[in-house]
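Listed below, chain by chain, are the residues.
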Amino acid sequence: MYYFTERMTEDDIEQVQMIERASFSTLWSANTYRHELRSSTTRYIVARASPTPPPPRTERPASRRGLLANLIPMFFGQQTTTRDFPIVGYGGVWLSVDEGHITTIAVAPAYRGRGIGELLLNGLIDQALDMHADVLTLEVRVSNIVAQQLYLKYGFRPAGKRLRYYTDNGEDALIMSTEPIRSPAYQERLRQLRERLFARLREEANEPAPLHDNLQPRTD
Ligand SMILES: CC(C)(COP(=O)(O)OP(=O)(O)OC[C@H]1O[C@@H](n2cnc3c(N)ncnc32)[C@H](O)[C@@H]1OP(=O)(O)O)[C@@H](O)C(=O)NCCC(=O)NCCS
């Protein structure tokens with residue numbers, strides 16, 4: 001399967017909520033998503049799966065497409081109409097002054113462990129750079145070791161805790177933040193990580209979709 005990211009639209013909310021239900025215990029309403037999508041300080045993206053290389057999309061100016069898209073465009077989807085391809089993950093980033101806050105990120109359970117979480121995080125980093133964020137930050141459950149590993153890989157480091165942050169079970173949040181994402185050191189780290197990620201995704205392009213992926217929204 002080929003995986004690519006693009007900006008989320010309101011038409012995507014239903015599929016995104018299916019993945020959200022399978023991933024989190026506290027859920028956002030469709031209205032919350034609509035509000036987030038309409039905000040000028042947030043960016044949401046989805047990852048889609050395609051059995052064939054995604055068709056080209058209308059070009060945007062290179063400066064708007066972000067480093068990752070420019071490095072290896074084939075995984076970024078190149079077209080504007082891609083709804084035939086199911087959504088397999090999503091994520092969002094909110095800009096607060098010069099800080100990009102990763103608000104959410106999730107991959108459909110059947111598609112985890114294939115590099116899609118990493119692809120999404122890269123997409124969010126590009127969106128944050130595009131909004132002129134200087135650093136990235138996020139909260140993650142102290143028990144969520146898988147997500148923490150992903151963030152550590154991308155240079156997020158523990159920066160404190162928010163006690164009893166999660167209302168469902170009173171769990172603490174670990175705050176994680178990056179160094180300045182425009183620094184030469186971080187950009188070099190990103191370049192190396194992206195090279196490895198795209199090699200991995202190239203290998204996976206020939207692999208079939210997981211069985212029982214159950215990604216199509218219900219029509220009843
Ligand atoms: C966190 C999540 C988005 C990761 O997505 P994914 O597509 O499975 O992750 P990837 O395949 O891209 O893996 C990227 C990195 O994540 C970490 N990771 C992924 N799966 C892991 C596992 N089972 N154990 C430990 N680390 C893991 C590793 O650092 C991995 O890099 P590596 O392959 O070099 O070891 C996914 O597990 C998910 O949707 N979880 C539920 C929602 C959630 O917890 N979101 C985070 C909220 S803060």
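Everything discussed here concerns the structure shown above.
Parameters and conventions
Residues numbered from 1 in each chain as written. Predicted model: local features only at pLDDT ≥ 70, side-chain atom pairs only at ≥ 80, totals over all residues. Heavy atoms only, no water. Near = heavy atom within 4 Å. Polar contact = N/O pair within 3.5 Å; in protein donor to acceptor, adjacent residues only side chain to side chain. Areas by Shrake-Rupley, 256 points an atom, 1.4 Å probe, with all protein chains shown as cover. 1 Å grid on protein atoms, 1.4 Å probe; cavity = no way out; pocket = protein on both sides within 12 Å on 5 of 7 lines; lining within 4 Å. Sits in = over half its atoms within 2 Å of the grid points. Helix = DSSP H or I, 4+ residues; strand = E, 2+ residues; numbered from the N terminus. Nonpolar A, V, L, I, M, F, W, Y, C, P; charged D, E, K, R; others polar. Salt bridge = Lys/Arg side-chain N within 4 Å of Asp/Glu carboxyl O. Buried < 20%, exposed > 50% of the residue type's maximum accessible area, 1.4 Å probe, protein only. Points joined across faces, edges and corners; volume = space filled by probe spheres on them. Pairing = 2+ DSSP bridges. Axes fitted to C-alpha atoms, helices over the stretch in contact; angles between N-to-C directions. Contact = heavy atoms within 4.5 Å.

> Tell me what's going on with the site of the ligand, and back it up with residues and numbers.
By nearness alone, 22 residues border the ligand, and Ile-105, Val-107, Gly-117, Asn-144 and Lys-153 come closest of all. A distance of 3.4 Å separates an oxygen atom of the ligand from a polar backbone atom of Gln-149. Within the side chain of Arg-200, a nitrogen or oxygen atom sits 3.2 Å from an oxygen atom of the ligand. In isolation the ligand has 930 Å² of accessible area, and contact with the protein removes 73% of it. More than half of the atoms belonging to the ligand lie within 2 Å of the grid points that define the largest pocket. Those elements that provide at least two residues to the shell around the ligand are strand S4 (99–107), helix H4 (116–130), strand S5 (135–141) and helix H5 (145–153). Tallying contributions element by element places H5 first for the shell around the ligand, with six residues. Considering only residue class, the shell around the ligand consists of ten nonpolar, six polar and six charged.

> Kindly report on the pattern of salt bridges, identifying the contributing residues and their values.
Side chains carrying opposite charge are able to pair once their charged atoms draw close together. Using the criterion set out here, one finds 15 salt bridges in the structure. In this structure, the salt-bridge partner of Arg-194 is Asp-126, at a minimum N-O distance of 3.3 Å. Highlighted residues: Arg-194 in helix H6 (residues 184–204) and Asp-126 in helix H4, separated in sequence by 68 residues. Each of the two residues, Arg-194 as well as Asp-126, counts as buried. In this structure, Glu-195 and Arg-191 form a salt bridge, with 2.6 Å as the shortest nitrogen-oxygen distance. Of this pair, Glu-195 and Arg-191 both sit in helix H6, four residues apart, roughly one helical turn.

> Explain the layout of surface pockets residue by residue, including any values.
In this structure, the largest pocket spans a volume of roughly 1200 Å³. Lining the largest pocket are 38 residues, and of these Phe-24, Ile-105, Asn-144, Ala-147 and Tyr-151 sit closest to its centre. Secondary-structure elements contributing two or more residues to the lining of the largest pocket are helix H1 (13–23), S4, H4, S5 and H5. With seven residues, the single largest contributor to the lining of the largest pocket is S4. Partitioning the lining of the largest pocket into residue classes produces 17 nonpolar, twelve polar and nine charged.

> So what's going on with the sheet that holds strand S1 (residues 2–7)? Which residues, and what values?
Spatially, seven strands are ordered S1-S2-S3-S4-S5-S7-S6 in an open sheet, and the strand pairing comes out mixed. Every other strand in the sheet has two partners, leaving S1 and strand S6 (157–162) as the edge strands with one partner each. Going from strand to strand, the sheet's axes swing by 25 degrees on average, the running direction of each strand aside. Pairing of S4 with S5, which is carried by three bridges, proceeds in the parallel orientation. Bridging across to S5, His-101 finds its partner in Thr-137. Each of S1, strand S2 (42–50), strand S3 (87–96), S4 and S5 touches H4; the most contacted strand, S4, lies at about 155 degrees to it.

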